[in-house]
Amino acid sequence: MPDFKSIIEGKKYDFLRTDPRLGKSIILLGVSGSYGYGTNREGSDIDLRGIALNGRADLLGLDFFEQFEDRITDTVIFSFMKIIGLLMNCNPNTIEILGLDDDQYVIKSVMGQELLDNKALFLSKRAAASFGHYAGSQLRRLQNAIARDSLTQSEREKHILNSVNNALNDFNDRHKSYNGSTIRLYIDDAVTDGFDTEIFVDGEFRHYPLRQYNEMINTLTNVIRDYSKIGERNKKKDDRHLNKHAMHLIRLFMMGINILEKGEIKTRMKGDDLKLLLDIRDGKYMSDSKLIPEFFEIVGDFERRFEDAADRSCLPSEPDKEPIAELVESFNYRAVTGDIR
C-alpha cells in the first residue's frame, strides 16, 4: 500500500499548500476510487477526495467556491457548503468521504474529525433513493453495453438517450446551486443522414457559468463518443471496463445496504464482500465478452436485499436539519473568524 501522506508532499501536489482556497482550509482529504474501496491492484491510480472550508469572502462577500479539481492528480476537493447539501441527500459519490478507515485519510484536522464524529446526522432513508438511482444507472450502462452491438439504429438511440439522461441527472445533482436553466432531451425523426431517429435537445440558460456549461456539454458528448467507438472496440479493454462497471454496481448495493440496515458508512470493503467484488472485476462472471446469468442472479439478490433494507430501515425519512444547521453555523463562524484547527 502506498504511503499516501508522503506522496502528497511531492511537487505535483503543491496545489494543496499553495492554492488560496485550500491549504489550512482543508479539513478532510482521503483516498477514493479503488484505494478507497479496497479493490486496488498493482498500478492502480491514486484518487483523492476532500473537503475545504469556505473562506470569509465566500460566506460574507461576493466570492463563490464550490469545488477545486486537479485533473493531473485526479484530486477533487469540495467546499464545505457544497458538500453539506450532497451529504444531506446521501449522495454516493460524496458520502463515502465520511466512511473511510482512519489510515485512508491523508489530512484530517480537528474540525475534520468533528465532522466525522457527526456523520450520523446525514444518514436518512434518502439513501434508498440516491443509492438506488446510482445503482440503476450503473445497471443500465451494463445492459446498454451488452445489447448495443445487436440493436437497430433507432433502438440504440433509445439506449443512448437513457445513458445521456443518466449522465445529465448526475451532473445536475452535483451542480444544484445553478438555477435558471432547463434542458430537455428527446427522440424524434432524424435530420442526420443515415439515421432513422435521433436525439434532440431543447434548452434555456440564464446566468449560467460558461465553464460549467462547457463541462456539461463535455459530459454529454463523452456518452455519445463512447457509443460511436463501437466499431473500433478493443475487446480486452472493453471487457475490463464492463467488469469494472459490474463491480461498482454491486459495490453501490453493498454500501447502500450498510447505510440502511446498520446506519454505517463503510467505504472500504472487506471479507466476503471484497472477495465478490474482486471476482467480478477479474472476470469470473464473464464469458465471451458477456456477463453470465449467474452475475444477474447476484444482482437480483442484491436488489431484493436493498429493497428489504429500505423497507425495514430505522433511519429517519429525512435528515434532522436543526443539528446540521448548528454544525454548519459553528464551522462557518470559525472559518470567518479564522479559528481553524
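Residues numbered from 1 in each chain as written. Predicted model: local features only at pLDDT ≥ 70, side-chain atom pairs only at ≥ 80, totals over all residues. Heavy atoms only, no water.

1. So, the packing of aromatic side chains
One pass over the structure, following the stated rule, counts nine aromatic pairs. Taking the centre distance of 6.0 Å and the plane angle of 40° together, the rings of Y13 and F15 count as tilted. For F15, a relative accessible area of 11% corresponds to the buried category. Centroid distance F205 to Y213: 5.2 Å. Interplanar angle 85°. Geometry classified as edge-to-face. Since its relative accessible area comes to 33%, F205 is described here as partly exposed. For Y213, a relative accessible area of 33% puts it in the partly exposed group. A network of ring pairs unites the aromatic residues Y13, F15 and F68 as a single cluster. One residue, R184, lies across the ring of Y186, its end atom 4.1 Å from the ring centre. A cation sits over an aromatic face here: R251 above Y37, 3.7 Å from the ring centre. (Phe/Tyr/Trp six-rings, centres within 6.5 Å; stacked < 30°, edge-to-face > 60°. Buried < 20%, exposed > 50% of the residue type's maximum accessible area, 1.4 Å probe, protein only. Lys NZ or Arg CZ within 6 Å of the ring centre and 35° of its normal.)

2. Looking at empty space enclosed by the protein
Applying the stated criterion across every chain yields a total of one cavity of 30 Å³ or more. Roughly 40 Å³ of internal volume is contained in the largest cavity. Looking at the largest cavity, the residues that line it are G30, V31, S32, R49, E96, I97, L100 and T267. For the lining of the largest cavity, the class distribution of residues is three nonpolar, three polar and two charged. (1 Å grid on protein atoms, 1.4 Å probe; cavity = no way out; pocket = protein on both sides within 12 Å on 5 of 7 lines; lining within 4 Å. Points joined across faces, edges and corners; volume = space filled by probe spheres on them. Nonpolar A, V, L, I, M, F, W, Y, C, P; charged D, E, K, R; others polar.)

3. A word on the packing of helix α7 (residues 110-117) against helix α14 (residues 321-337)
Two numbers describe how α7 lies on α14: the axes approach to 12 Å, and their chain directions differ by 175°. Accordingly, the angle class assigned to the pair α7 and α14 is roughly antiparallel. Along the contact surface, α7 presents M111, E114 and L115, while α14 presents L327, F331 and R334. (Axes fitted to C-alpha atoms, helices over the stretch in contact; angles between N-to-C directions. Helix = DSSP H or I, 4+ residues; strand = E, 2+ residues; numbered from the N terminus. Parallel < 35°, antiparallel > 145°, perpendicular 65-115°, else oblique. Contact = heavy atoms within 4.5 Å.)

4. Regarding the sheet that holds strand β4 (residues 75-79)
The sheet built from five strands is open, its strands ordered β3-β4-β2-β1-β5 with mixed pairing. The sheet is open, and its two edges are formed by β3 (67-70) and β5 (105-108), each paired on a single side. Neighbour-to-neighbour, the strand axes of this sheet turn through a mean angle of 15°, independent of strand direction. Packing against the sheet, helix α5 (residues 80-88) makes contact with β1 (26-32), β2 (47-52), β3 and β4, and its axis sits at approximately 90° to β4. (Pairing = 2+ DSSP bridges.)

5. A word on the layout of surface pockets
There is about 400 Å³ of room inside the second largest pocket. Lining the second largest pocket are 21 residues, with I160, V164, I199, L220 and I224 sitting closest to its centre. If one sorts the elements of the lining of the second largest pocket by residue count, helix α10 (residues 210-228) sits on top with eight residues. Of the residues assigned to the lining of the second largest pocket, the class counts are 15 nonpolar, three polar and three charged.

6. Considering the nonpolar core
With 63 residues, the main nonpolar core has I95, L115, F122, I250 and F295 as its most contacted residues. Ranked by residues supplied to this core, first place goes to helix α11 (residues 235-262) with 12 residues. Those residues in contact with F295 that sit more than four places away from it in its chain are L142, A246, L249, I250, I280 and Y285. Counting residues in each nonpolar core, the second largest holds 16 residues, with F4, I8, L22 and F65 among its members. (Core = buried A, V, L, I, M, F, W, Y, C linked by side-chain atoms within 4.5 Å.)

7. Things to note about the pairing of β4
The two faces of a sheet get side chains in turn, since along a regular strand they alternate between them. Here β4 lies mainly inside the structure; five of its five residues are buried. Covered by surrounding structure in β4 are T75, I77 and S79 together with V76 and F78, the residues of both alternating faces. With five bridges connecting them, β2 and β4 associate as parallel partners. Within the sheet, the bridge partner assigned to I51 lies in β4 and is F78. Strand direction decides the pairing type here: β3 and β4, joined by four bridges, are antiparallel. Each bridged residue has a counterpart across the sheet, and for F68 the counterpart in β4 is I77. Counted along the chain from β3 to the antiparallel partner β4, the turn is four residues long, and its residue D74 has a positive phi close to 50°.

8. Topic: the confidence of the model for the chain
In the predicted model, the chain carries a mean pLDDT of 88, and 92% of its residues have values of at least 70. For the chain, the element scoring lowest by mean pLDDT is helix α9 (residues 153-174), at 77; α7 scores highest, at 97. (pLDDT = per-residue confidence, 0-100.)

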